[in-house]
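Structural features, examined
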Amino acid sequence: MKTIEVVAGVIRDGEKFFATQRGYGEFKDGWEFPGGKLEPGETPEEALVRELKEELAIDILVKDFICTVEYDYPKFHLTMHCFYCEIQRGTPQLLEHENAKWLSLAELNSVNFLPADVEVVKKIKREF
Ligand SMILES: Nc1nc2c([nH]c(=O)n2[C@@H]2O[C@H](COP(=O)(O)OP(=O)(O)OP(=O)(O)O)[C@@H](O)[C@H]2O)c(=O)[nH]1
């Protein structure tokens, strides 16, 4: 099975965490943490800075590493590196997503995260 290597950013502002809803593709309407596939030669941190600029028009600071999720979807294996981030400049604009929310820890369960993200949400809840 092919492996897709992805980086995802959990943007934190105080008590709130930023989640986005996919606007297209196989997982349309699923909630996730913004990010995307690594390009050849990029570090995960570089890919995250690039993706969040492309998708949300923000500059971010990559903070602590959260975890690397290994998840088998029916059609591919996902390796997803997750990091906390802070916004350095800008306000998120939804250039690719159909919706987004700033969620408190309690509210993280109120949206339907993609299956691979369930583990990430659990880890966030343990850490805060
Ligand atoms: N960015 C991101 N992708 C995730 C998360 N959870 C998860 O399963 N994925 C999966 O990771 C894969 C790669 O994400 P992507 O944003 O590059 O996907 P894409 O195929 O829409 O990108 P593309 O259109 O640029 O090729 C997707 O299959 C997506 O469903 C997540 O929290 N964030």
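Okay, so let's go over this structure.

Cut-offs applied
Here the residue index of a chain counts from 1 through its sequence in written order. Only residues with pLDDT of 70 or above have their local features reported here, since the model is predicted, and side-chain atom pairs are shown and tallied only from 80 upward, although totals for entire chains, interfaces and linings are computed over all residues. Only hydrogens and water are set aside; all other atoms, that is, all heavy atoms of the structure, feed into the side-chain values. Definition of nearness: a residue and a molecule or strand are near each other if at least one heavy atom of the residue lies within 4 Å of the molecule or strand. A 3.5 Å cut-off defines polar contacts: any pair of N or O atoms within that distance qualifies, except that in protein one atom must be a possible hydrogen donor and the other a possible acceptor, and neighbouring residues in sequence count only when both atoms are side-chain atoms. For the area figures, the Shrake-Rupley method with a 1.4 Å probe applies, and any residue is considered shielded solely by the protein chains shown. Think of it this way: any DSSP run of H or I at least four residues long counts as a helix, any run of E at least two long counts as a strand, and we number them from the N terminus. Side-chain classes are defined by residue name, with Ala, Val, Leu, Ile, Met, Phe, Trp, Tyr, Cys and Pro counting as nonpolar, Asp, Glu, Lys and Arg as charged, and the others, Gly among them, as polar.

**Description of the site of the ligand**
In the vicinity of the ligand lie 17 residues, with R22, F33, K37, Y73 and D117 positioned nearest. One of the side-chain N or O atoms of Y24 is found 3.0 Å from an oxygen atom in the ligand. One of the side-chain N or O atoms of Y73 is found 2.6 Å from an oxygen atom in the ligand. Protein contacts shield 78% of the accessible area of the ligand, which totals 630 Å² for the unbound molecule. Among the secondary structure elements, those contributing two or more residues to the shell around the ligand are β1 (3-13), β4 (35-37) and β6 (77-89). Take the shell around the ligand: its biggest share by element is three residues, from β4. Broken down by class, the residue content of the shell around the ligand amounts to eleven nonpolar, two polar and four charged.

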